[in-house]
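Inside the fold
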Amino acid sequence: MPATAAVAPPPSAPEQLAARLSSDDSSESLLPTLREIKNQIIGNRTKKLVYLRLHAVPRIVALLSSPSSPPPVIVQAVAAVGSFACGVEEGVRAVLDASAVSHLTVLLSHPDAKVVDSAARSLRIIFQSKLAPKYDFLLEENKTFLLSLLNSTNENITELAASIIAHSCEKPAEQTSLCDAGVIQKLVSLLGGPSNQRDTSLDAISAIVKNNPEVATKFVSISNGKAFNSLMGLMQDRYPRTRLLACVCLISIEQAFPLYFQEMQIKTKLILILLDLIEEAGRVGDEAPFVLKGLIGESEELHRQALSVTAAERLCGYLRKGKALLEARRLEGILLVLAELGSKLEQSRAQLIELQVPSLIIDLLKNDCAQVRIAACNVIKNISRSLKNLCAGRFGTESIVMPLVQLLCDSSTSVQTAALDAICNVAVNLTTKKSVLLQSGGVSILCQLTRSMHSEVRLKSVRALRNLMFLLDRKDKDLIFTELTVSTLTSLISDPDPLVQEQALALAGNFVDGCGVSTKFIFSEDISIIEAVSRQLKGASSPGMCIQGMFFLANMAAENESHKDAVMDCILPTSLDIGISPPNSLVNFLQSKERLLRLSTLWCLVNLVNPEQRNSLRVSALQGAGIISQLKTMVNDPCLDCKLRVRMVLERCLENRE
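Keep in mind it's a predicted model, so treat the numbers as computed, not measured. (Residues numbered from 1 in each chain as written. Predicted model: local features only at pLDDT ≥ 70, side-chain atom pairs only at ≥ 80, totals over all residues. Heavy atoms only, no water.)

1. Quick look at the overall build of the protein
A tally of regular secondary structure across the protein gives 41 helices and zero strands. Classification of the 658 residues of the protein by burial places 55% in the buried group. Carbon and sulfur atoms form 52% of the exposed surface of the protein, whose accessible area is close to 29,100 Å². (Helix = DSSP H or I, 4+ residues; strand = E, 2+ residues; numbered from the N terminus. Buried < 20%, exposed > 50% of the residue type's maximum accessible area, 1.4 Å probe, protein only. Areas by Shrake-Rupley, 256 points an atom, 1.4 Å probe, with all protein chains shown as cover.)

Given below as structure tokens:
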């Protein structure tokens, strides 16, 4: 008979396989069942979720401690547990709920080497999850257990020990305790081992030295700097992941012990290696930009150095070559580095604009990934801090404004707040040409967002309207205020969030600034806005709120007699139910250590005693309240602006008397 090829049987349904786990089948029949479950779920999230719904995990974990389970069955069960915990949060929870960690830990002492190896590998997978339990290394038994793992001759067990440290070691006291126990020296000795052992050791070293100057100092002094030199050498390792982890470790040391990194050469090398690693495939390339951002963050010196080694050009080059092909995680990271570069130096922002970064990322505002959309908003927010380009109105174009306005309706609150941050800067636009934002429907959406249940959304939408109102002409101001309504602004001035209150007062101040006719809105509805401002000034605990309230009153006092009378009723009320109480609050403002609070109060007084109008009654009221006496003590105020305003008020009061 002719030879025939063996045909593999079709895979069994998950329901059948899960049912076999509960049967009284022998270990010989359990072995193929476990093997088939393991093979079905490896890399298959959908199948994992199916088996989780069938409650397969508790049954498999039960086999780990069953006296009747032979080593081959245990090995397959352990491997299946590790697969369930790999990459699926629901799987990790199921494994932890079934007490798999304690069972696997016991198996580390099993006489069968294959069982030990598989248990160590599965535990490593579990401890890569944020959901895994953390060891308290201040407890002596935990530290003893860890040291026993580190001293093992089994590579899988030493890798497990390093993984536990990387996952659990967070407190400074734990870091110091492990360092004093010789853990760092042991981890350094493992850097010469296989690549997996080397990588987990680097992770563990980073965790122990992070933000701990004492431990970082001890690390760099190990064997007269040999440990540190080992890290420097690993930056050139053949494996990209090792190079990345070596960079992470060095950055942790630099941030904990910056005195050891005085030379810019090492930092420059780190920047260059991380820029190269962004091109690597997989997780290394995805994580490299986040590590780079962590390196240069908060340092103008490193921002300059990154620009000098063409970091901005290279990052833009990655986007130009294939932003449609890049994974969302990598795109987000690259955008966050660009945002960081644009966050501090005008020189950096100029270079990013020259590289046409705003145009380059416009389509990323519509990316499917929310984190990418947020990162793109951050880039625009930081680049648009450039005063030079704001003056030129470069960011008020339709191509930039329209996508940002569309994001105000995004389903993600985080995306909304990121878009609001960008619009807050774009809205400043130090020209009067704000027609795009006004005509795009953005004002209506911003006014709606001021009524949001999320205080951060309310805060940033009010701030955006405040900036939009800046230097706007009367017609456009009235358009915004009609959309916002008096009742909404009054409500915002009394918002439960003090930060929202402050921005609402600033918005009201910008509205009345220089637009006499527009102040009719302030006096509508029984002057509710004036009353709201008075109440806030009466009970304000925040200097910022008092400053914005007084600037609002200063702008009001710059108008006609009825406006001045309303302000006087507010600051020196005849009825204590309406205005600032007690009357000497104005004196307190003038005595404040806050320069802007003194200045805003003085501007209010300057406008109240304008010499072109009859002010004798107001001057007399100020005199009677002790305001003039306080001003005489301020003629040598340390702030030049305040000093000039004091003299101006006193001179005008003297003119009025004459």
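2. Here's the deal with the UniProt feature "repeat: ARM" (unreviewed entry) in the protein
Using the residue numbers shown here, the UniProt feature "repeat: ARM" (unreviewed entry) corresponds to residues 55-85. Helix makes up 74% of residues 55-85 and strand makes up 0%, while its end C-alpha atoms are separated by 14 Å. (UniProt positions renumbered as here; feature names shortened; annotations may be inferred.)

3. Section: the environment of L472
Here L472 shows up in the loop between α30 (455-469) and α31 (474-484). By relative accessible area, L472 is classed as buried at 6%. Taking the C-alpha atoms as reference points, L472 and D513, 41 residues apart in sequence, are found 9.6 Å from one another.

4. Thoughts on the environment of N156
Relative to the assigned elements, N156 resides in helix α10 (residues 155-168). N156 gets classed as buried once you look at its relative accessible area, which sits at 18%. When the C-alpha atoms of N156 and R121 are compared, they prove to be 6.4 Å apart, with 35 residues separating the residues in sequence. Here the side chain of N156 touches D117 through a polar contact of 3.2 Å, side chain to side chain. (Polar contact = N/O pair within 3.5 Å; in protein donor to acceptor, adjacent residues only side chain to side chain.)

5. Description of the layout of surface pockets
Empty space within the largest pocket amounts to approximately 1,500 Å³. Lining the largest pocket are 34 residues, with A166, D203, R241, V248 and R283 sitting closest to its centre. Looking at the lining of the largest pocket, the elements with two or more residues in it are α10, α13 (195-209), α16 (240-256) and α18 (282-296). Residue contributions to the lining of the largest pocket peak at seven residues, all from α16. (1 Å grid on protein atoms, 1.4 Å probe; cavity = no way out; pocket = protein on both sides within 12 Å on 5 of 7 lines; lining within 4 Å. Points joined across faces, edges and corners; volume = space filled by probe spheres on them.)

6. Re the packing of aromatic side chains
Enumeration according to the criterion identifies four aromatic pairs in this entry. For the ring pair F481 and F511, a centre distance of 4.1 Å and an interplane angle of 20° mean the geometry is stacked. With F481 in helix α31 and F511 in helix α33 (residues 498-512), this residue pair connects regions lying 30 residues apart in the sequence. Residue classification places F481 among the buried residues on the basis of a relative accessible area of 2%. An aromatic cluster is built from F127, Y135, F137 and F145, whose rings are joined through pairwise contacts. Here the basic side chain of R329 rests over the ring of F290, its NZ or CZ set 3.7 Å away from the ring centre. (Phe/Tyr/Trp six-rings, centres within 6.5 Å; stacked < 30°, edge-to-face > 60°. Lys NZ or Arg CZ within 6 Å of the ring centre and 35° of its normal.)

7. Structural notes on α33
Its 15 residues give α33 an end-to-end C-alpha distance of 22 Å, which sits within 8% of 21 Å, the value for a rise of 1.5 Å per residue. Backbone nitrogen of L499 and a side-chain oxygen of the N-cap are separated by 2.9 Å at the start of α33; the cap is D497. Of the residues one or two after α33, G514 is the one with positive phi, at around 75°. (Expected span 1.5 Å × (residues − 1).)

8. As for the packing of helix α36 (residues 561-571) against helix α39 (residues 616-624)
The angle between the axes and the distance between the axes are what describe a pair of packed helices. Orientation of α36 relative to α39, taken along the N-to-C sense of each, is 15°, at an axis distance of 12 Å. Our classification of the angle between α36 and α39 gives roughly parallel. Taken as a pair, α36 and α39 cross one another with a handedness that is left-handed. Across the interface between the two elements, E561, K564, D565 and M568 from α36 touch R618, A621 and L622 from α39. Taken together, the residues that form the contact of α36 with α39 break down as three nonpolar, no polar and four charged. (Axes fitted to C-alpha atoms, helices over the stretch in contact; angles between N-to-C directions. Parallel < 35°, antiparallel > 145°, perpendicular 65-115°, else oblique. Left-handed = near helix turned anticlockwise from the far one by under 90°. Contact = heavy atoms within 4.5 Å. Nonpolar A, V, L, I, M, F, W, Y, C, P; charged D, E, K, R; others polar.)

9. A few points about α31
Every buried residue of α31 is accounted for by D476, K477, D478, I480, F481 and L484. Positive phi shows up at T485, right after α31, with a value of about 80°.

10. Brief notes about the pattern of salt bridges
Summed over the entire model, instances satisfying the criterion amount to 24 salt bridges. Here K134 makes a salt bridge to E170, at a shortest N to O gap of 3.3 Å. You can see K134 sitting in the loop between α8 (113-126) and α9 (140-150) and its partner E170 sitting in the loop between α10 and α11 (172-180), a full 36 residues away along the chain. On the accessibility criterion, K134 (42% relative accessible area) is partly exposed. D495 serves as the salt-bridge partner of R458, at 2.8 Å between the closest nitrogen and oxygen. With R458 in helix α30 and D495 in the loop between α32 (486-493) and α33, this pair connects stretches of sequence that are 37 residues apart. (Salt bridge = Lys/Arg side-chain N within 4 Å of Asp/Glu carboxyl O.)

11. Quick notes on the nonpolar core
One finds I165, F219 and L631 to be the most contacted residues of the largest nonpolar core, which totals 223 residues. Apart from residues lying up to four places away in sequence, F219 is in contact with I184, V188, I205, V209, A227, F228, L231 and I253. (Core = buried A, V, L, I, M, F, W, Y, C linked by side-chain atoms within 4.5 Å.)

12. Some points on the packing of helix α21 (residues 328-341) against helix α24 (residues 370-383)
Viewed as axis vectors pointing N to C, α21 and α24 meet at an angle of 15°, and their least axial separation amounts to 8 Å. Accordingly, the angle class assigned to the pair α21 and α24 is roughly parallel. Handedness of the α21/α24 crossing: left-handed. Seen from α21, the contacting residues are A328, L331, E332, L335, L336, L338, A339 and E340; seen from α24, they are Q371, V372, A375, A376, N378, V379 and N382. Of the residues that constitute the contact of α21 with α24, the class distribution is ten nonpolar, three polar and two charged.

13. A short note on the environment of N154
Positionally, N154 belongs in the loop between α9 and α10. Through-space distance from the C-alpha of N154 to that of D117 is 8.0 Å; in sequence the pair is 37 residues apart. N154 has contacts with V116 and D117, leaving out every residue within four places of it along the chain.

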